[in-house]
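Structural characterization, general
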Amino acid sequence: MEQHGHPSTAAHATPDVACYDSAMEEPIRKQLLPGAIVEVTQQIPHRDRVWTNRITGTIIAYEQKQTGSWFAHSKDDKLWLDRLILRKEDGEITSLNLDDYTHLEVLSPAPAAKLPA
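Residues numbered from 1 in each chain as written. Predicted model: local features only at pLDDT ≥ 70, side-chain atom pairs only at ≥ 80, totals over all residues. Heavy atoms only, no water.

Looking now at the overall build of the protein. Secondary structure summary: the protein contains 1 helix and 6 strands in total. The linear arrangement of helices and strands in the protein, starting from the amino end, is β-α-β-β-β-β-β. Within the protein, counting contacts between residues at least 6 apart in sequence, those at least 24 apart form 53% of the total. Carbon and sulfur atoms make up 51% of the accessible area of the protein, which totals about 7,500 Å². (Helix = DSSP H or I, 4+ residues; strand = E, 2+ residues; numbered from the N terminus. Contact = heavy atoms within 4.5 Å. Areas by Shrake-Rupley, 256 points an atom, 1.4 Å probe, with all protein chains shown as cover.)

Right under this line is the structure:
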């Protein structure tokens, strides 16, 4: 089984599921289309533990957006983050920043009618 993602989340990987880690691969990025169902596991490291949050939902949008960070010293002096907007099963809309501690699995691709030609 090929493992993807951050080393601490590799145990959650499955062989037939696309996964995202901090070095987003183009084939995975192309799957982040409206209508795809994904499971996102995010981890926040603490000194003596890790807080883990898992969210499953349908993609509304995937985008790269600027932060207001003045210290980023990147394009236009802004830090660009991958952001994923999901609709959870209960209808709640949530926006996630994808970072080095994010593990993403595409559970179901976007409907065929929405895929680019």
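Before going further, it helps to spend a moment on the environment of Thr56. Inspection of the secondary structure puts Thr56 in strand β3 (residues 50–66). Along the primary structure Thr56 and Thr41 are separated by 15 residues, whereas in three dimensions their C-alpha atoms are 8.8 Å apart. In contact with Thr56, other than residues within four places in its own chain, are Ile37, Val38, Glu39, Lys88, Glu89 and Leu107.

Such coordinate-based values are descriptive only and should not be taken to indicate function.
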